[in-house]
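Now for the letters of each chain:
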2 protein chains.
Amino acid sequence: MNTCGIVVEYNPFHNGHYYHLQQSKKQTKSDVMIAVMSGNFLQRGEPAIISKWKRAEMALYSGVDLVVELPYVFAVAPAPIFAKGSISLLAALGANTLCFGSESGSIDLFYHTLEQLNTKGAQYDQFLQTFLKQGQSFPKAASNAAQALHIKNGVDLTLPNNILGMEYVKAIQKDHPLIQAQTILRKGASYHETNLEADPIASATAIRTTIAKEGALTDRVLATMPPSSAAVLQQEWEKNHIMTWDALYPALRYKLLSTDESAIAALYEVEEGLEHRLKKAALQCDTFTDFMTHIKTKRYTWTRLQRMCLHILHNLAREQAKQWMVNGPAYVRILGMSSKGQEHLRRIKKAIPLPLVTTVSKCDHEMLAFEQQTAAVYHNANDPNHASELIKAEYSTPPLQREKA
Amino acid sequence: MNTCGIVVEYNPFHNGHYYHLQQSKKQTKSDVMIAVMSGNFLQRGEPAIISKWKRAEMALYSGVDLVVELPYVFAVAPAPIFAKGSISLLAALGANTLCFGSESGSIDLFYHTLEQLNTKGAQYDQFLQTFLKQGQSFPKAASNAAQALHIKNGVDLTLPNNILGMEYVKAIQKDHPLIQAQTILRKGASYHETNLEADPIASATAIRTTIAKEGALTDRVLATMPPSSAAVLQQEWEKNHIMTWDALYPALRYKLLSTDESAIAALYEVEEGLEHRLKKAALQCDTFTDFMTHIKTKRYTWTRLQRMCLHILHNLAREQAKQWMVNGPAYVRILGMSSKGQEHLRRIKKAIPLPLVTTVSKCDHEMLAFEQQTAAVYHNANDPNHASELIKAEYSTPPLQREKA
């Protein structure tokens, strides 16, 4: 019985995701597909375009057997933490393999590169420190340090999916060596591509950007997704539930306006006097983009700052976040399952080393209570007039159950 | 040279206010009229319908010579604190008389009642405790205790303006005995009246209620105000700057959703486990009225709870509020002045025992920094797309200067 794990955001689910899902299944010869999926907030420090429930629905329709929520502190985090949380959940759920998409497409190259990085660790650190001192952001310095090592036949660590893949491989090697890593060459548009090409495989970024730009859900956009996903997105569009940072900004701004600098400085990822810039920008900027432009410096990436903004919004204290990250996910929360996924769960239930959460009747875990809090903030910004219903559903919705089409 | 002080909210300025202003001037034979006015948040725990600047403008147009801001902690407070702050500012500005409107209309009755209350203090306290133990709200218990003393020919302390007037008289007797208290019989609609009668003197409540109900600024409403006030209100209406709790509720709700119960419990006026009710109501209620209905109990008045909601919104810690209230206003902030007011200021400048603030270039006083913060929160909720301009104006606007019509 092969169980394959994948790590996803599905923001929203599109043809590229479908391709990856099918290829992973084929390549790993798996009977069960488990997806660890971010909740309502994502790695780039953004709210998900539609809620986790709707994205889980898309995943189930397209053949995922089990959708598990990656808790906020791991989902809205740099690659190493993101990978640590994801792999630990997949391990808890008995995945034999992890299959990730990459620009490289060769798992051997990943292991080769990792070996080199491990043996040249001291040298790598030296390069890294040098680049950081030059004022480079962390991801840029890390990528440059890796390049400076002149690893022959290595993975190109300037490419986003390779970077993430490398962190998965590291996490597996360190904590869960029984999981076998595999990778699939990404097809179609690059992760950062913002234009919707004629290609039926577009990036999720291009899809979101196009929706925002056109202010409509055109056939061109819908053609980049499996029909089942397109239907879900369309329903959410009609409910006016398409979420962006713009909808969150009034709350973030209010938070900054009403909070002392010292209290802001105690929040996660607010470093080195950023609280002054933040307060000032909140006074001066009427849009989120303007706000971001005001706080941006060469030292921090846009993504890093957006994640910080989410942590501020969610009032996440530095100490709390660090403690949770060190401990790893405190529970396994099932968002959705097929009958096959349900069977798998039944089979491994007793072996799961973490509490299994299906319906959140009460929050026994602080980490879960925090997750619920972030969801409430999401709904309050997304649809204030119906937030109570949406929040209530967060507590009463059992895992979605769906037979595959 | 007679200087008369009045304490006002002007929410908005109407014919009744005009009548009170003219009568006060006449009765006290004053050359200079000083109004201590609440800023953007009011005693009943509500945002002002239009900003302090616009209300100061109305006051100047109608003959006030000096408009001084009552800092938030005194403005959004029970009658004794409200009176303490107001009287202390009027004393600082050299007012010889205070002239307040009341349902009684006789200052002798106030002094007579106060004397009785003072001599029967122990008895009064006993009644008060009894009524509080019966679960009555504080204002109700206080009013019942006063009634139970059977003061002959006393002021009716069940009426709102009499209650406030009594607190002015107490504050004067205690701290500023050189000020002479006078009162004017209120004319026209009662304070609590919510219907707009044919009478050209309506209550401010009736005016606000009618605007909200009709969703328009009708001639009937405008007829209750001097033409200069009506013009200002109309301008604000056209800018969509008519403010209500509904516009603040998303921020309050966000604050409650994203804050731990223990942190909420540390805020001013959140007492006896109210934090649980507050969190629960934030999850369940999509409108402010529904929210208030959910948290209301017999023990607290609607007003008291609304004030608490504002303190939560402004993140005002209990200890901070108490310290500020004990110390009294930390500065005198001028919002507007006529040439006569300016002259008066020049004359008494050296004798003012508090720092005089005209333009807020920087906030040297914590209390003033807090005031600016509350204004920023007001603008962010009232007009998010132009909040930066409005906030900037809070720091750069010099006192309004206006010749009387």
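Under an unreviewed UniProt entry, the name given to chain A is tRNA(Met) cytidine acetate ligase, and the organism recorded is Fictibacillus macauensis ZFHKF-1. In UniProt, chain A has this text filed under Catalytic activity (unreviewed entry): "cytidine(34) in elongator tRNA(Met) + acetate + ATP = N(4)-acetylcytidine(34) in elongator tRNA(Met) + AMP + diphosphate". For chain A, the Sequence similarities (unreviewed entry) comment in UniProt is given as "Belongs to the TmcAL family."

## Focus: the overall build of chain A
Scanning chain A from terminus to terminus reveals 20 helices and eight strands. Computed over C-alpha atoms, the radius of gyration of chain A comes to 21 Å, within 12% of the 22 Å expected from 2.2 N^0.38 for 405 residues, which places it in the range of a compact globule. Once the C-alpha set of chain A is aligned to its principal axes, its extents read approximately 55 × 55 × 45 Å. Within the span of chain A, comprising 405 residues, buried residues form 58% of the whole. A separation threshold of at least 6 residues defines the contact pool for chain A, and within that pool the share at least 24 residues apart is 75%. When the accessible surface of chain A is totalled, it reaches about 16500 Å², and 52% of it is carbon and sulfur.

## Observations concerning the interface of chain A and chain B
Between chain A and chain B, the contact holds 26 residues from the first and 26 residues from the second. Three residues stand out in chain A for area buried against chain B, namely A:Tyr254, A:Asp286 and A:Asn380, and they jointly supply 29% of the buried area on that side. Across the chain A-chain B interface, the total number found is 14 residue pairs in polar contact (both at pLDDT 80 or more). Mapped by element, the contributors of at least two residues to the side of chain A that touches chain B are helix 12 (245–257), helix 14 (274–284), helix 16 (302–313), helix 19 (366–382) and helix 20 (387–396) of chain A. Take the side of chain A that touches chain B: its biggest share by element is six residues, from helix 12 of chain A. Here the side of chain A that touches chain B is built from residues that sort into 13 nonpolar, 10 polar and three charged.

## Some points on the nonpolar core
A general trend in soluble globular proteins is that nonpolar side chains are found buried together. Grouped together as the largest cluster of nonpolar side chains are 201 residues, with contacts concentrated most on A:Leu252, A:Leu278, A:Phe291, B:Leu252, B:Leu278 and B:Phe291. Not counting residues within four places of it along the chain, the set of residues in contact with B:Leu252 comprises B:Trp245, B:Phe288, B:Phe291, B:Cys309, B:Ile312 and B:Leu313.

## Focus: the packing of aromatic side chains
Residue and element names in this part refer to chain A. For the structure shown, the criterion picks out 25 aromatic pairs over all chains. With 6.1 Å between their ring centres and 75° between their planes, Phe41 and Tyr72 make a pair best called edge-to-face. On the criterion of sequence distance, the pair formed by Phe41 in the loop between strand 2 (32–38) and helix 2 (52–61) and Tyr72 in helix 3 (residues 72–75) is long-range, its members being 31 residues apart. Among the residues examined, Tyr72 registers a relative accessible area of 2% and is labelled buried.

## Remarks on the domain arrangement of chain A
All names here are of chain A. According to the domain assignment, chain A contains domain 1 (3–103 + 185–191 + 328–401) and domain 2 (245–323). Between the C-alpha centres of domain 1 and domain 2 there is a distance of 26 Å. Buried surface at the junction of domain 1 and domain 2, both sides included, amounts to about 1400 Å², of which 63% is carbon and sulfur. It is Gly45, Tyr72 and Ala381 in domain 1 that bury the most area against domain 2; as a group they hold 26% of the surface buried on that side. Applying the counting criterion to the domain 1 and domain 2 interface returns seven residue pairs in polar contact (both at pLDDT 80 or more). Within the residue set of the side of domain 1 that touches domain 2, elements represented by two or more residues are helix 3 and helix 19. In terms of residue count, helix 19 provides more of the side of domain 1 that touches domain 2 than any other element does, six residues in total. Its residues assigned to classes, the side of domain 1 that touches domain 2 comprises 10 nonpolar, four polar and three charged.

## Some thoughts on the relation of the copies chain A and chain B
The operation relating the two chain copies consists of a rotation about an axis and a shift along that axis. Least-squares fitting of chain A to chain B yields an RMSD of 0.0 Å, with the transformation described by 0.0 Å of translation along the axis and a rotation of 180°. Taken together, the rotation and translation describe the operation of a two-fold axis. No C-alpha of chain A approaches the rotation axis more nearly than that of A:Ala251, which lies at 3.1 Å. Mapped onto chain B, 100% of the interface residues of chain A are again interface residues, and the two copies thus contact each other with one and the same surface.

## With respect to the packing of helix 12 of chain A against helix 19 (residues 366–382) of chain B
In a packed pair of helices, the relevant descriptors are the angle between the two axes and the axis-to-axis distance. Following both chains from N to C, one finds helix 12 of chain A and helix 19 of chain B inclined at 170°, their axes separated by 9 Å at the closest point. Relative to helix 19 of chain B, the element helix 12 of chain A is oriented roughly antiparallel. Between helix 12 of chain A and helix 19 of chain B, the residues in contact are A:Pro250, A:Arg253, A:Tyr254 and A:Leu257 and B:Gln373, B:Ala376, B:Val377 and B:Asn380, respectively. Counted by class, the contact of helix 12 of chain A with helix 19 of chain B contains five nonpolar, two polar and one charged residues.

## Quick look at the pairing of strand 1 (residues 3–8) of chain A
Residue and element names in this part refer to chain A. Summarising burial for strand 1: six of the six residues are buried, a large majority. Along strand 1, one buried face is formed by Thr3, Gly5 and Val7 and the opposite face, lined by Cys4, Ile6 and Val8, is buried too. In this structure, strand 1 lies alongside strand 2, joined through six bridges in parallel fashion. The residue bridging Val8 from the neighbouring strand is Met37, located in strand 2. Regarding the hand of the β-α-β motif, the stretch spanning strand 1, helix 1 (residues 15–28) and strand 2 is right-handed.

## As for the pairing of strand 1 (residues 3–8) of chain B
Of the strand pairs in this sheet, strand 1 of chain B and strand 4 (residues 97–102) of chain B are connected by two bridges, and their pairing is parallel. Note on strand 4 of chain B: the bridge partner recorded for B:Gly5 is B:Leu98.

## Notes on the side chain of B:Ser229
Here B:Ser229 is to be found in helix 11 (residues 227–238). Discounting residues that sit within four places of it in the chain, B:Ser229 has contacts with B:Phe13, B:Met58 and B:Ser62.

## With respect to the pattern of salt bridges
Residue and element names in this part refer to chain A. Counted under the stated rule, the structure contains 28 salt bridges over all chains. Close ionic contact of Lys174 with Asp175 constitutes a salt bridge, the shortest N to O distance being 3.6 Å. What makes Lys174 exposed here is its relative accessible area of 66%. With a relative accessible area of 39%, Asp175 lands in the partly exposed category. Note that Arg304 is salt-bridged to Glu271, the shortest N-O span being 3.5 Å.

So, how was this worked out
Residues numbered from 1 in each chain as written. Chains lettered and ligands numbered in written order. Predicted model: local features only at pLDDT ≥ 70, side-chain atom pairs only at ≥ 80, totals over all residues. Heavy atoms only, no water. UniProt positions renumbered as here; feature names shortened; annotations may be inferred. Helix = DSSP H or I, 4+ residues; strand = E, 2+ residues; numbered from the N terminus. Rg over C-alpha atoms; globule rule 2.2 N^0.38 Å. Buried < 20%, exposed > 50% of the residue type's maximum accessible area, 1.4 Å probe, protein only. Contact = heavy atoms within 4.5 Å. Areas by Shrake-Rupley, 256 points an atom, 1.4 Å probe, with all protein chains shown as cover. Buried area = accessible area lost by both parts, 1.4 Å probe. Polar contact = N/O pair within 3.5 Å; in protein donor to acceptor, adjacent residues only side chain to side chain. Nonpolar A, V, L, I, M, F, W, Y, C, P; charged D, E, K, R; others polar. Core = buried A, V, L, I, M, F, W, Y, C linked by side-chain atoms within 4.5 Å. Phe/Tyr/Trp six-rings, centres within 6.5 Å; stacked < 30°, edge-to-face > 60°. Domains from an automatic or database assignment. Least-squares fit on C-alpha atoms with pLDDT ≥ 70 in both. Axes fitted to C-alpha atoms, helices over the stretch in contact; angles between N-to-C directions. Parallel < 35°, antiparallel > 145°, perpendicular 65-115°, else oblique. Pairing = 2+ DSSP bridges. Right-handed = clockwise from strand over helix to strand, strands pointing away. Salt bridge = Lys/Arg side-chain N within 4 Å of Asp/Glu carboxyl O.

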